[in-house]
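An overview of the molecular structure
Take a look at the letters that make up each chain.
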Amino acid sequence: VGVDEYQRGTIGLARLVEGILGVILFKSKKLARTHWSRKGDIPLTDVEVNYAARDAWAGAAILERLQNLDPDRFDPSQILQQLEAQVEHTEQPLRSIQLISNRQLLRKAVKEELKPMKNELEDHGDETWNDTQRERYEELTEEMKRLAPTPSKRYEITRSLGLKIP
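Once a new chain begins, its residue numbering starts again from 1 and follows that chain's sequence as written. The model is predicted, so local features are restricted to residues of pLDDT at least 70 and side-chain atom pairs to those at 80 or more, both for listing and for counting; the totals for chains, interfaces and linings are taken over all residues. To obtain the side-chain values, all non-hydrogen atoms of the structure were included, while hydrogens and water were left out.

Examining the packing of helix 6 (residues 97-124) against helix 7 (residues 131-146)
At a minimum axis distance of 9 Å, the contact between helix 6 and helix 7 shows a crossing angle of 140°. Taken together, helix 6 and helix 7 sit at an angle that is classed as oblique. Taken as a pair, helix 6 and helix 7 cross one another with a handedness that is left-handed. Along the contact surface, helix 6 presents Arg103, Arg107, Val110, Lys111, Glu113, Leu114, Met117, Lys118 and Leu121, while helix 7 presents Gln133, Arg136, Tyr137, Leu140, Thr141, Glu143, Met144 and Arg146. Residues belonging to the contact of helix 6 with helix 7 are distributed by class as follows: seven nonpolar, two polar and eight charged. Orientation is described by axes fitted as lines to C-alpha atoms, over the contacting stretch for helices, and by angles from 0 to 180 degrees between their N-to-C directions. The secondary structure listing takes helices from DSSP runs of H or I that are at least 4 residues long and strands from runs of E that are at least 2 residues long, numbered from the N terminus. Oblique is the label for any angle not covered by the other classes, which are roughly parallel (under 35 degrees), roughly antiparallel (over 145) and roughly perpendicular (65 to 115). If you view the pair so one helix is near and one far, a crossing is left-handed when the near helix is turned anticlockwise from the far one by less than a right angle, and right-handed when it is turned clockwise. Whether two residues are in contact is decided by their heavy atoms, any of which lying within 4.5 Å being enough. Here the term charged refers only to Asp, Glu, Lys and Arg, the term nonpolar to Ala, Val, Leu, Ile, Met, Phe, Trp, Tyr, Cys and Pro, and the term polar to all other amino acids, Gly among them.

Next comes the structure, spelled out in C-alpha cells:
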C-alpha cells in the first residue's frame, strides 16, 4: 500500500496496522524470513502458524477498516477488478505463494553470487575481468530483473482518508 503520492516503496504490515488500526504488531525478522512454501514432511511450527494467522488477521482487519472509510475504493470487487486490470496490462502476472517464495529464494542466490562481483566492479572496474566473467555478470543482472517481484498496487490513504502512518 502506498501511503501518499510522495513516498516511494511500500509500507510494511506492522506500520499499516499501527496507523490504520492503532495496534502495535511486533514482527520477528527471523519468522518473516521463513521459507513458507517449503516442501516435504516439514510442517510449520506452532509459532509460524500463529505468526501467519496474525498476519492474515491484520490484512483482513486493515481491509475491513479501509472499506468502512472508503467503500468505493476498497470494496473487494473493486480491488479484484484492479488486480485483473494489472494482469492484463503488464507482463507480470499474479503469482501463487509457492512461486513467489521460490522466486524469492532464487533471487537471494543470484544476489549472493552478484554481490562480490558488484564490489569488485566498484573497487576496480571490469578491466581485470575476462569475457566469461563479464557474461556471467550480465546474466546475473538480467536474472535479477527477471525475478523482480511484481510491483505492489498503490493506494493513497493518508491525505484522502486522514490516516497517519508512522
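Brief notes about the nonpolar core
As a rule of thumb, soluble globular proteins bury nonpolar side chains together. Side-chain atoms within 4.5 Å are what join buried Ala, Val, Leu, Ile, Met, Phe, Trp, Tyr and Cys residues into a set we call a nonpolar core. In this scheme, a residue with accessible area under 20% of its type's maximum is buried, one over 50% is exposed, and one in between is partly exposed, where area comes from a 1.4 Å probe on protein chains only. Counting 15 residues, the largest nonpolar core has Leu16, Ile20, Leu66, Phe74 and Ile157 as the members making the most contacts within it. For this core, the secondary structure elements donating two or more residues are helix 1 (13-21) and helix 3 (46-69). If we skip the residues at most four places from it in the chain, Ile20 touches Ile62, Arg65, Leu66, Ile157, Leu163 and Ile165. If you look at the next biggest cluster of nonpolar residues, it comprises eight residues, including Trp129, Tyr137, Met144 and Leu147.

Examining the packing of aromatic side chains
In summary, the pairing rule links any two rings of Phe, Tyr or Trp, Trp by its six-membered ring, whose centres are within 6.5 Å, and it sorts them by plane angle into stacked for under 30 degrees, edge-to-face for over 60 and tilted for everything else. One pass over the full model with this rule turns up one aromatic pair. Pairing Trp129 with Tyr137 gives two aromatic rings, centres 5.4 Å apart and planes at 55°, and the pair type is tilted. A residue is classified by how much of its surface remains accessible, and Trp129, at 6% relative accessible area, is buried. Given the relative accessible area of 16%, Tyr137 is considered buried.

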